[in-house]
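One-letter residues, chain by chain:
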Amino acid sequence: VFKSGEKPYSARYVGEFVHTRYKMQFPQDGGKKIFSCNEGNYNYWDKPIQDAVQVFKSGEKPYSARYVGSMVADIHRTLLYGGIYLYPADNKNTKGKLRCLYEGIPMAMIIEQAGGIASTGMFGGKIGRVLELTPDAIHCKCPIIMGGPRDMGIVYDAYTACGFEAPSLE
């Protein structure tokens, strides 16, 4: 997936690069109900993230859990089919674990251009956009929560239910 102009594109290498998807967009209905996160860190996350993951895992038709462990692969699937990718800050890694300059910010640009939302979750005292971060070092880190509006709404609702002010989905 790469960005050229207004929207992201997808290309495949078959002896040469061939466009496979033009002007990629998140599915309007939210797409497949898939959540992607390392649940091994569940006990270290803040309560709103834990609550949102519980919503994804419960209900009449729970979300499918898919976690490759590679941000690029997980975000690619999320972009193609819908859903949400979470790598939030936690008690062990209060600044998150993904690098701002070459993981978080580039992926956030692609996600937002495709109609998704790229959030930090609660970070630096507020819930913000990844694209609004100002890196303070070449290898600085940030938390990542990226997905379509339907699924990001669940995360923002969990923050609101815990008394935090969450951004609008627009």
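Higher on the page you've got the structure.
None of the values given here were measured: they were computed from a predicted structure.

(A) The arrangement of the overall build of the protein in detail. Along its length, the protein carries 4 helices and 11 strands. Looking at the protein as a whole, 41% of its 170 residues are labelled buried. Residue pairs at least 24 apart in sequence account for 66% of intrachain contacts in the protein once pairs closer than 6 positions are excluded. As displayed, the protein has an accessible area near 9200 Å², and 50% of this comes from carbon and sulfur atoms.

(B) Here's a closer look at the sheet that holds strand β9 (residues 126–129). Strands sit in the order β5-β4-β6-β11-β8-β9 across an open sheet of 6 strands; the sheet is mixed. Since the sheet does not close on itself, it has two edges, and those belong to β5 (64–65) and β9, each with one partner. Relative to strand β11 (residues 144–147), strand β8 (residues 117–123) runs antiparallel, the two being bridged by 3 bridges. Its bridge partner lying in β11, A118 is registered against M146.

(C) Examining helix α3 (residues 100–113) more closely. All buried positions along α3 are accounted for by C100, G104, M107, A108, I110 and I111. At the C-terminal side of α3, G115 shows a positive phi close to 90 degrees.

(D) Looking closely at the pairing of β11. Neither face of β11 is exposed, since I144 and M146 on one face and I145 and G147 on the opposite face are all buried. Inspection of the sheet shows strand β6 (residues 84–87) paired to β11 by 4 bridges, in the antiparallel sense. The partner of Y87 across the bridge, within β11, is I144.

Cut-off values and rules
- Residues numbered from 1 in each chain as written.
- Predicted model: local features only at pLDDT ≥ 70, side-chain atom pairs only at ≥ 80, totals over all residues.
- Heavy atoms only, no water.
- Helix = DSSP H or I, 4+ residues; strand = E, 2+ residues; numbered from the N terminus.
- Buried < 20%, exposed > 50% of the residue type's maximum accessible area, 1.4 Å probe, protein only.
- Contact = heavy atoms within 4.5 Å.
- Areas by Shrake-Rupley, 256 points an atom, 1.4 Å probe, with all protein chains shown as cover.
- Pairing = 2+ DSSP bridges.

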